Amino acid sequence: MKPKVAFFDFAGCEGDQLQIANLEEEILDLLGQVEVVSFREVMKEHSDDYDIAFIEGSCTRLQDEERLKEIRKNASVVVAIGSCATIGGINSLKNYQNMDDVKKIVYGEKASLFDTYPARPIDAVIPVDAYVHGCPMTKAEFLHVVKSLLLGKKPEIPNYPVCVECKKNENVCAFERGEFCVGPITRAGCDSCCVNEGTKCWGCRGMVDNPNENSQKEVLVKYGLSVDDAIGKFKLYFGWQGKKK
Amino acid sequence: MHVLSKEDFSEFINSLIADNSLNVVGVKSKGEKFAFGPLESANQLRLDYDVTILPPKKYFFPQRETLVTYNVSSGYKSKSLEDVKPTIIVGAHPYDIMALLHMDEIFRETKSDPNYLSRRNSSVIIGVNIQNMSESCFASSMGCATIDYGYDLMLTDLGDKYAIDVGSHKGADLLNKYSKNVKKGLARDIQSVGKKKQEIMNKTHQKFGFSSELIPEMLGKFYEKTSFWEDHSEECLSCGSCVLVCPTCYCFDVIDNPDLSLKTGERERTWDGCLLEDFAKISSGENFRNTKATRYRHRYFKKGKYLFDRFGFVSCVGCGRCSSTCLPDIANPVNLFNDMYDESLKIGIQIDPATIPDIKIKTGNTIDYAPKIATIVKKVPMTANETMFELKLDDGSELGHQPGQFVQVSVFGVGEAPFGVSSSPTKKDTFELCIRKLGNVTSKIHTLNEGDKVGIRGPFGNGFNAELLKGKDLLFVAGGLGIVPLRSLFNYVLDNRNDYGRVILLYGCKEPRELLFGDEILSLEDRDDVEFKSTVDRCPENEVWNSNVGVITTLIPQVDFDPQKTYAVVCGPPIMYKFVIRDLKSHNVPDDHIIVSLERRMKCGVGKCGHCQINQLYVCKDGPVFNYSKIKGIPEAL
Ligand SMILES: Cc1cc2nc3c(=O)[nH]c(=O)nc-3n(C[C@H](O)[C@H](O)[C@H](O)COP(=O)(O)OP(=O)(O)OC[C@H]3O[C@@H](n4cnc5c(N)ncnc54)[C@H](O)[C@@H]3O)c2cc1C
Ligand code: SF4
Ligand code: SF4
Ligand code: SF4
Ligand code: SF4
Ligand code: SF4
Ligand code: FES
């Protein structure tokens, strides 16, 4: 029997579901192995009978928690896809601001009617079995994770920093180009794609299990960043530092 | 010595490039830096470079490469290397040539790595003497700023021409075939080259404040100086950059990549490094180098001491790549060793130059990374998490193992993991493994059934010396899963019962339901030629247990044995060894009468990937069975 698969979206840009819809030929092959029962991007039907749930976006409201718990109950495997879902992502930028201000900015006059709270990754609410990191996630990694799950294995996601891949790709280090990079504490797995393109790592995959944050800050300062700016480098993607469920 | 005008040299390179049967690579600029890459024209060459980001080792031991391909219906196949084009490397600096010579030894030793060696054998190295030295280079201190061998051709820039030193027949042939207007060098040219080389040797931005011959000895005296290592590694990001850029690092990881069909795929090897946090971590959670300091120290020891003891060279060529790549600037060997030397003067440690060890490098068979196929002929669940698998090789051959040896088991698309063979060698046409469900490979194996196929490599490693133990009393001490490898010896001994003296088995596990080989083991109580005692750490209310409760060491005082006649054979979880050995010693068992079998993270199983290393030893090659007297001085062992 083919595993049944469902896709869900929470607060995010849906860029990750687009990535999947864009898999074109590969997805046809893939669809031979699975049965998609719910996918808002490409189909109207919906079913609650599924084995693998892919969840995109972060949890930004108390109401979302119920929906997530429901999904956890239905699915035997829950996969968080994209930075918003895996680490809180860009959404957690708002965690640095006062929540009331955030509400005002987003909802204007009606702010008090809406309920919003610090953005958090899916695993802050329910246990998550596998992650497809990245903002947006890459097709290659999505396929890697799906293949692994179909083979019955836990997808290997590196616990070493982006520098490892960056060195293998023989890039000129961003610091040597006068840029500031958080690759040394960011979880690899993207094949250092941004640095390969001549830029730097912003940290979209979240930190490794045991990052040496102090040393990273010192490096940023040593290469000329002010202490405040160095701390700022951590804000873009590392806004949620809570516990996993 | 020959000379070639710069124009003719360019033509020489261009005619190499024009030959499609060759893969011509050379130093090109990459942003503000330099890197080896494919040459499209001699104009791209930057022989005035200071250092390349990665060393030319990437052409022989690439960042990623396919080791084997697999097909669920036909098994594993080694990747054919026959169609690999010969690589011509243009512009290697002398230190990088020296580094390749080190790598040659490493990949040749004991078992030779076919992928590395076949690429290496078909390659041609055109070296160039350093024209601009990088700020962090200390090759002169390591004796590698110039080199007199190891290349096929060596260039020296003499202004309007290159002096070319021919180092091999291959080099001479290449020059003959592809170049025009080669002239014999004049005495004057020879002199200029000599002068240039002398200049390079004297030039350095970084140097040791002592003789580099002191390094191995000095390291030896600093191993235990924990605070020295902690202070130096405090800022380590565990980013691995220092080892990934190093021309003499060779550690690797092995990963399976299934295709979308999930039926075919490839097994890939990729660079890995001992500075990365999980390098020595095993799936039960134990990390044998779990601090920045121990990982950082390992790198210096590997280069400065372990490889020196094994091969007679300090495996650093002074290229300075590690220093310039390390963002917190803590990976510079010059700084570290100078600090160490200063510290040794301060605390008054006397350091003598190391004597070059007496080296017997064994070379042997070529490694076959492709597993053979075996069929599961019997699957017997033993506990909730452990299952016994009886396997038969499909080609009809015998495994031919020694008791205590292990095999690498492959599951298509999932990976490979080591397991001790649990059956006695006296059982010939099949062999048994007992596997605990922990991570990916082990969980997947548990879903396989009789008739399903797995891959097998091995047997590997040093087993128990059943001959040496003949006539001796044997005291087996097994904790938990440790019974599995011991059983191969235990059953062998029972099958040859008259050759051995007393046989005592002490076996402990956490709870009664975790007892392995239950019926087989409990039936030992009926034998009068075996003494058997068992214990559990605890017995939950709902289980039955009529024997001892307590840790395994509580069984030792319960048996009376003659320590001089007895050999103790010990295997269990990592934390068990210390306590068992302490108690055996307090019963006066001599060190060389204690034999242990150890477990470490493994990938290659053949002494190359570096994962299973305990200080200078490799568990996969020197072990997993060790005599305690040989490892008691080895700090990472127990
Ligand atoms: C010499 C030796 C004999 C062993 N004998 C047995 C045995 O008889 N029965 C048994 O159940 N287990 C045995 N083990 C342990 C067994 O190898 C690990 O439990 C197994 O590798 C876990 O693999 P995994 O893919 O399920 O785990 P994952 O956590 O998914 O590990 C991924 C990979 O890391 C490596 N790795 C992780 N843990 C270990 C480890 N403990 N040892 C070596 N490599 C590791 C392997 O390459 C493994 O495939 C032995 C280990 C060694 C070194
Ligand atoms: S560019 Fe960034 S990721 Fe790459 S090596 Fe430099 S710090 Fe690491
Ligand atoms: S390089 Fe950094 S920012 Fe870019 S994809 Fe990788 S983790 Fe994300
Ligand atoms: S020593 Fe430097 S380069 Fe090496 S792992 Fe640590 S921080 Fe990275
Ligand atoms: S340890 Fe550093 S200096 Fe020595 S060879 Fe390796 S990268 Fe070069
Ligand atoms: S163990 Fe040695 S070869 Fe392997 S990465 Fe470390 S220093 Fe390099
Ligand atoms: S060196 Fe690779 S497993 Fe021992």
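What you see as residue numbers is a count from 1 along each chain, following the sequence as written. Numbering of ligands from 1 and lettering of chains from A proceed in the order in which they are written. Only residues with pLDDT of 70 or above have their local features reported here, since the model is predicted, and side-chain atom pairs are shown and tallied only from 80 upward, although totals for entire chains, interfaces and linings are computed over all residues. Water and hydrogen atoms were dropped before computing side-chain values, which therefore reflect all heavy atoms in the structure.

> I'd like to hear about the overall build of chain A, residue by residue, with values.
Under the scheme used here, helices are H or I runs from DSSP no shorter than 4 residues and strands are E runs no shorter than 2 residues, and both carry numbers assigned from the N terminus. Within chain A, the regular secondary structure consists of 10 helices and 5 strands. Burial here depends on accessible area, computed with a 1.4 Å probe over protein chains only, as a share of the maximum for the residue type. Under 20% is buried, over 50% is exposed, and the range in between is partly exposed. Put simply, chain A has 245 residues, and 52% of those count as buried. Taking contacts inside chain A between residues at least 6 apart in sequence as the whole, the part at least 24 apart equals 71%. Throughout, the Shrake-Rupley method with a 1.4 Å probe supplies accessible areas, and for residues the shown protein chains are the sole cover considered. On chain A, roughly 11300 Å² of surface is accessible, and the fraction owed to carbon and sulfur atoms is 52%. Whether two residues are in contact is decided by their heavy atoms: any pair within 4.5 Å suffices.

> Please give an account of a nonpolar patch on the surface that cites residues and values.
A surface patch of nonpolar side chains, about 220 Å² in accessible area, is lined by Val 221, Val 227 and Ile 231 of chain A. Structurally, Val 221 of chain A is set in helix H9 (residues 213-222). For patch detection, residues must exceed 30% relative accessible area and be free of salt bridges, and they are connected within 9 Å for like charges or within 5 Å for nonpolar side chains (Val, Leu, Ile, Met, Phe, Trp, Tyr). A pair is scored as a salt bridge if a Lys or Arg side-chain nitrogen falls within 4 Å of a carboxyl oxygen belonging to Asp or Glu.

> Any chance you could break down the site of ligand 3 for me, citing the residues and the numbers?
Whether a residue is near a molecule or strand depends on its heavy atoms: it is near if one of them lies within 4 Å of it. Within the structure, ligand 3 sits among Thr 186, Cys 190, Cys 193, Cys 194, Cys 201, Trp 202, Gly 203, Cys 204 and Arg 205 of chain A. Only Asp, Glu, Lys and Arg are considered charged, only Ala, Val, Leu, Ile, Met, Phe, Trp, Tyr, Cys and Pro nonpolar, and every remaining residue, Gly among them, polar. Residues belonging to the shell around ligand 3 are distributed by class as follows: 6 nonpolar, 2 polar and 1 charged.

> Please set out helix H11 (residues 333-346) of chain B residue by residue, giving values where relevant.
With 14 residues, H11 of chain B extends 20 Å between its outermost C-alpha atoms, agreeing within 8% with the 20 Å of an ideal straight helix rising 1.5 Å per residue. Against the buried residues of H11 of chain B lie helix H6 (215-222), helix H7 (226-233), helix H9 (292-311) and helix H10 (321-325) of chain B. For a helix, the expected span equals 1.5 Å multiplied by the number of residues minus one.

> How would you sum up the pairing of strand E3 (residues 33-38) of chain B? Please name residues and give values.
Residues and elements named next belong to chain B. What makes two strands pair is DSSP finding at least two bridges between them. Here strand E2 (residues 23-30) runs beside E3; their pairing, made up of 6 bridges, is antiparallel. The partner of Gly 26 across the bridge, within E3, is Gly 37. What sits between E2 and E3 in their antiparallel hairpin is a turn of 2 residues, with Gly 31 showing a positive phi close to 55°.

> Run through the domain arrangement of chain A, naming residues and quoting values.
Residues and elements named next belong to chain A. Here chain A is described as being made up of domain 1 (4-150) and domain 2 (162-244). Facing the 19 residues of domain 1 at the interface are 15 residues of domain 2. As used here, buried area is the combined drop in accessible area, with a 1.4 Å probe, of two parts when they are placed together. Between domain 1 and domain 2, roughly 1400 Å² of surface is buried when both sides are summed, and carbon and sulfur atoms account for 60% of that area. At the boundary of domain 1 with domain 2, the tally comes to 1 salt bridge. Across the salt bridge formed by Glu 141 and Arg 205, the nearest N and O atoms sit 2.6 Å from each other. Here a polar contact means two N or O atoms within 3.5 Å. Within protein one must be a hydrogen donor candidate and the other an acceptor candidate, and residues neighboring in sequence count only if both atoms are side-chain atoms. Applying the counting rule to domain 1 against domain 2 returns 3 residue pairs in polar contact (both at pLDDT 80 or more). Grouping the amino acids of the side of domain 1 that touches domain 2 by side-chain chemistry returns 10 nonpolar, 6 polar and 3 charged. Domain delimitation follows an automatic or database domain assignment.

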